[in-house]
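Examining the three-dimensional arrangement
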Amino acid sequence: MRHALRLTIRTALAAATVFAAASLSAQDWTTTTDTHRFMEVRNGIWLTQTTAQVFNSNALVIVNDEDVILVDSHVTPSKARDLIASIPAITDKPVTALINSHYHWDHAHGNQEFADIPIIGHEYTRMKMATGAHEEPTYQRGLAGNAARLEQLAEQIEAAEDDEERAGLETYRAMFAAHAADFDEIRPLPPDVTMNEKMTLFRGGREIQIIFVGRAHTGGDAVVYFPQDRLVFTGDMLFGGPSFMGDGYVDEWSETLGNLAMLDFDLVVPGHGPPLSDLSAIEKSQEYYRVLWEKTAEQHAAGVPAEEVPGTLDLSGTAFPERQPSEPEVQRMYHRMENPD
Ligand SMILES: [Zn+2]
């Protein structure tokens, strides 16, 4: 049963996420609670993830001399409550502010659990969360993904070869169904403190810079930079490979990453997956977005419909030749080509 369940969970994760980032091995995590694991990436700065086998994002817990600041609030209010309940495992200092890296649901739909403290984000993040956040195509695709996963699990249970396998799948389905139901209580809460270019927080001996280095993954990605620790949290602007581009600015992404690279850091915590110390990911990503934009523009100019583009682009000159854009990503690029601003 164990084996079957492991395979099922792996399939679930592969299906649920476009971020195929490698997972961290158990010994990298220094503290674990019933719901969360924590890793101190630099002096008092902790990367944390839920241990639940669902699509989720990284959060940072910044433990300062007298208080705690969080970056990103997880995927649902329920997962945010789990995070709040787990923080005492690493510190008893109070959480005094939350920073949003961007507006996407998997990073910001736990916000409502932080209604009593300042929530800091880019102006664009506030605008997106304050107007029609529930109707956002990327959020709607997340909901559709949950429904599809439940359907797929029902089929797998039907086809299970023995009682043990079936019982394992039933347990996973019960957990996943509860997680999907958690989305019903989401009431998007936008940042109530906004920044445009840069904001700096001084907390005890720590300096925390919240910087907009340009449009990339969304129109208002804020990176959180710790100059003393040479660390930057990039949200979904930078991973080891290309990011989700369905709300992105592929035409500007390379330049934005060039601006990011001008900061002095040697460790990146991305919005999903493990920390990156190999900074060649920046140049490789820059090249990928440049080539992708160019190749997609050729298709656009030739009048090829967006739905016919995925799978056809020659990206062999890049570090990620297999990473074809999805249809929503091509549509987004076509939209940018037709509506430049
Ligand atoms: Zn995102």
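**Here we look at the sheet that holds strand β13 (residues 267-270)**
By way of backbone hydrogen bonds, the strands of a sheet pair with one another, either parallel or antiparallel. If you trace the 5 strands from one edge of the open sheet to the other, you get β9-β10-β11-β12-β13, paired in mixed fashion. Every other strand in the sheet has two partners, leaving β9 (198-203) and β13 as the edge strands with one partner each. Neighbour to neighbour, the strand axes of the sheet diverge by 20 degrees on average, direction disregarded. Judged from the 4 bridges that link them, strand β12 (residues 231-235) and β13 form a sheet pairing that is parallel. Counted as the bridge partner of Phe233 is Val269 from β13.

**Observations regarding the packing of helix α5 (residues 137-158) against helix α6 (residues 163-182)**
Viewed as axis vectors pointing N to C, α5 and α6 meet at an angle of 165 degrees, and their least axial separation amounts to 10 Å. In terms of orientation, α5 and α6 fall into the roughly antiparallel class. In the crossing of α5 with α6, the sense of the turn from one axis to the other is left-handed. Side by side, α5 and α6 meet where Asn146, Arg149, Leu150, Leu153, Gln156 and Ile157 of the first sit next to Arg166, Leu169, Glu170, Tyr172, Arg173, Phe176, Ala177 and Ala180 of the second.

**Comments concerning the pairing of β9**
One face of the sheet, then the other: side chains in a regular strand alternate in exactly this way. Burial analysis of β9 places just 0 of its 6 residues in the buried class, a small minority of the element. Where β9 lies against strand β10 (residues 206-211), 6 bridges are found, and the strand directions are antiparallel. Looking at β10, one finds that Thr200 is bridged to Gln209. Here β9 folds back onto β10 in antiparallel fashion, the turn holding 2 residues, of which Gly204 has a positive phi close to 55 degrees.

Cut-offs applied
Residues numbered from 1 in each chain as written. Predicted model: local features only at pLDDT ≥ 70, side-chain atom pairs only at ≥ 80, totals over all residues. Pairing = 2+ DSSP bridges. Helix = DSSP H or I, 4+ residues; strand = E, 2+ residues; numbered from the N terminus. Axes fitted to C-alpha atoms, helices over the stretch in contact; angles between N-to-C directions. Parallel < 35°, antiparallel > 145°, perpendicular 65-115°, else oblique. Left-handed = near helix turned anticlockwise from the far one by under 90°. Contact = placed C-beta atoms within 7 Å. Buried ≥ 20, exposed ≤ 12 C-beta atoms within 10 Å, placed from the backbone.

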